[in-house]
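Chain and residue survey
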Amino acid sequence: MPAPTSDHLRSDLCRTWDDVAAGRLSRTAAADWAADPDRALDYSSGPEPLHQAWLLLHDLRRAPLNEAAVISGGHLARDELAMRRREQWQAELARYDADPLSWNRTHWSAYLRRTVEAGRHPAPDRLAARLIEHGLFLDQDAAAVLDEAWSNRT
């Protein structure tokens, strides 16, 4: 069961995404809402799917507008891109709700693999250990991604 803070964050995100997709809230207003420093702190400490939805809202300002997104008179129409992103996020959230550990294992395995392949982390074994410590990852996940480097750690 999600923590009360997560329930509040989820409710805020769902309402904001619904408003953008329906045209009741502009992309700029949604990005401004997401850019609030206090909100950023809340979402960065929440479950990863909520953090991802917050980042997507934050990035809506940079997303290309299609001609159907804005109609004459300054009224907003349905925003197809926002609707698709909201639906993708809701599908991810449903997968997460069904099995948070499995979702985290898949997500963080892919993240660690991309990080190692790109050489973006000076100590991927320490990153893997932290993921395990926080219950987002299992020892066998680290071994599958890091191979011998994980087996030979000291």
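Rules used in this analysis
- Residues numbered from 1 in each chain as written.
- Predicted model: local features only at pLDDT ≥ 70, side-chain atom pairs only at ≥ 80, totals over all residues.
- Heavy atoms only, no water.
- Helix = DSSP H or I, 4+ residues; strand = E, 2+ residues; numbered from the N terminus.
- Contact = heavy atoms within 4.5 Å.
- Phe/Tyr/Trp six-rings, centres within 6.5 Å; stacked < 30°, edge-to-face > 60°.
- Buried < 20%, exposed > 50% of the residue type's maximum accessible area, 1.4 Å probe, protein only.
- Salt bridge = Lys/Arg side-chain N within 4 Å of Asp/Glu carboxyl O.

The subject of this paragraph is the overall build of the protein. Across its full length, the protein carries nine helices and zero strands. Along its sequence from the N terminus, the protein presents helices and strands in the succession α-α-α-α-α-α-α-α-α. Within the protein, residue pairs in contact and separated by at least 24 positions form 59% of the contacts whose partners lie at least 6 positions apart.

This next bit is on the packing of aromatic side chains. All chains considered together, the criterion is met by two aromatic pairs. With a centroid separation of 5.6 Å and 85° between ring planes, the pair formed by Tyr96 and Trp103 is classed as edge-to-face. Of the two residues, Tyr96 and Trp103, both sit in the buried class. Ring centres of Trp108 and Tyr111 lie 5.3 Å apart, and the angle between their planes is 80°; on these two criteria the pair is classed as edge-to-face.

For the structure on display, the rule yields six salt bridges. Where Arg10 meets Asp97, a salt bridge forms, and the shortest distance between an N and an O atom there is 2.8 Å. Of this pair, Arg10 sits in helix α1 (residues 4-22) while Asp97 sits in helix α5 (residues 80-98), and the two are 87 residues apart along the sequence. Relative accessible area serves as the criterion here: at 39%, Asp97 is assigned to the partly exposed category. Between Arg86 and Asp18 there is a salt bridge, and its shortest N-O distance comes to 3.4 Å.

Within the secondary structure, Ala53 sits in helix α4 (residues 48-59). Of the residues examined, Ala53 reaches a relative accessible area of 0% and is grouped as buried. With 32 residues separating them in the primary sequence, Ala53 and Arg85 have C-alpha atoms 8.7 Å apart. Setting aside chain neighbours within four positions, we find Ala53 in contact with Leu13, Trp17 and Trp89.

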